[in-house]
Amino acid sequence: MKLLGIETSCDDTSVALVDETGATLFLETLGQETLHERYGGVVPEVASRAHAQILPSLVQKAFQETNTDISELLAIAVTRGPGLSGSLLVGVSFAKGLAFPHEIPIVPVHHVIAHLRGAFDQISDLHGKTLGLVVSGGHTHLYDVTRWPKLKLISRTVDDAAGETFDKGGKLMGLPFPGGPAIERMASVNTRSILPLTKGPIRTEDPLNFSFSGMKTAFSLKLRQTIHANAGVLSCEDQSLWADSLQTAILDHLFSRITKVIEAESPDTFLLGGGVAINRALRTRMEKLCHQKGINLLMAPPKLCGDNALSIAMIGLDSMKQGLFTPFPYRNFSVQAR
Ligand code: KG4
Ligand code: ZN
């Protein structure tokens, strides 16, 4: 038996097939960066139309390349949210349409749990008190996941997510969309001392919560002044200096909070997932911190940091083993955008 995973929560169309042992038979993720680049951000209507175009042929490819017949499917797992409602509806409706004639069970999957599921192979890898941080374009949320897959929120951003801050910074510097990978690339070639960027006002009283909007505004004002003073031009060398400075400010803020949470909660295991978790500077600092504190660190491998259907399929398999699924005819199951 095999399990099909479908992920369409934002701007990645992803399909995976696993067998009943969890071995990956197929994984392909098609990003839509080129479609959204000219708008400087994800346009929901464009994203859902692209999912509707891409998804059927990607599923067909998965079946063909693995010689799979639909009768072999144990279940279909699909992201139900949070995410863009139009994008989620394409994935969920497609999953229902595919499952319906064959009465195949569906497993609705929580997007945030999927980001953390990328960080470990087996549930038995989770030991003792376990915290999980999701850093993505939509989330900067830290959970107690000791009772996996139950999430208990410990702290969160009160305004923008870390990924949004990378993306906005990249846009202001004229870098390609999305800003995160572009900023990391530029930052890695900087040779000068970073700019002491003001973090701006932190919009939260809770010392464990994150806040990026003040930093974003302060960065934007200072960068505009510099560009203006340089006759509207930001040289390549300056771009790498500003990229390194922004990346460092984002990481400094993240780690000021992560360190406090670790001190307050004393976890045995720490999970890291989400699109920003691909960032090498973040991974290195995380490794150093967990090593110092004697914490077992499990980070999603780069190919499972961003939105992907393999993590969805793995949660589908876990859930089927526990008898947790939505049976035919899938009553009361729809998307949950928030
Ligand atoms: O998890 P994800 O693929 O989608 C959401 O659920 O949001 O995360 C996308 C985010 C974007 O903001 C993108 O700029 C950021 O992940 N990102 C990075 C890097 N690669 C992607 N941020 C920093 N460094 C990177 N190398
Ligand atoms: Zn995501």
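Since this is a predicted model, take the numbers as computed values, not measurements.

(A) Seen up close, the site of ligand 1. Around ligand 1 there are 19 residues in total, and Gly 137, Gly 163, Gly 180, Gly 275 and Gly 306 lie nearest to it. Breaking the shell around ligand 1 down by element, the ones donating at least two residues are helix H5 (162–172) and helix H6 (179–187). With four residues, H6 is the largest single contributor of residues to the shell around ligand 1. When its residues are assigned to classes, the shell around ligand 1 shows six nonpolar, 10 polar and three charged. Each of two domains, domain 1 (2–116 + 305–321) and domain 2 (128–300), supplies a minimum of three residues to the shell around ligand 1.

(B) How the structure looks around the sheet that holds strand E3 (residues 24–31). On the basis of which strands lie adjacent, the open sheet formed by five strands has the order E3-E2-E1-E4-E5 and mixed pairing. The open sheet is flanked by E3 and strand E5 (106–110), the only strands paired with a single partner. Averaged over all pairs of adjacent strands, the angle between their axes in this sheet comes to 15°, without regard to strand direction. Pairing between strand E1 (residues 2–7) and strand E2 (residues 12–19): six bridges, direction antiparallel. Along E2, the bridge assignment pairs Gly 5 with Ala 16. Packing against the sheet, helix H2 (residues 44–65) makes contact with E2 and E3, and its axis sits at approximately 20° to E2. This element, helix H10 (residues 309–321), spans E1, E2, E3, strand E4 (73–81) and E5 of the sheet and lies at about 130° to E1.

(C) Just the nonpolar core, in detail. By size, the foremost hydrophobic cluster in this structure holds 89 residues, and its most contacted members are Ile 76, Ala 77, Ile 312 and Ala 313. Take this core: its biggest share by element is eight residues, from helix H8 (residues 236–265). In this structure, this core is formed jointly by two domains, domain 1 (2–116 + 305–321) and domain 2 (128–300), each of which donates at least three residues.

Definitions and limits used
- Residues numbered from 1 in each chain as written.
- Chains lettered and ligands numbered in written order.
- Predicted model: local features only at pLDDT ≥ 70, side-chain atom pairs only at ≥ 80, totals over all residues.
- Near = placed C-beta within 6 Å.
- Helix = DSSP H or I, 4+ residues; strand = E, 2+ residues; numbered from the N terminus.
- Nonpolar A, V, L, I, M, F, W, Y, C, P; charged D, E, K, R; others polar.
- Domains from an automatic or database assignment.
- Pairing = 2+ DSSP bridges.
- Axes fitted to C-alpha atoms, helices over the stretch in contact; angles between N-to-C directions.
- Contact = placed C-beta atoms within 7 Å.
- Core = buried A, V, L, I, M, F, W, Y, C linked by C-beta atoms within 7 Å.
- Buried ≥ 20, exposed ≤ 12 C-beta atoms within 10 Å, placed from the backbone.

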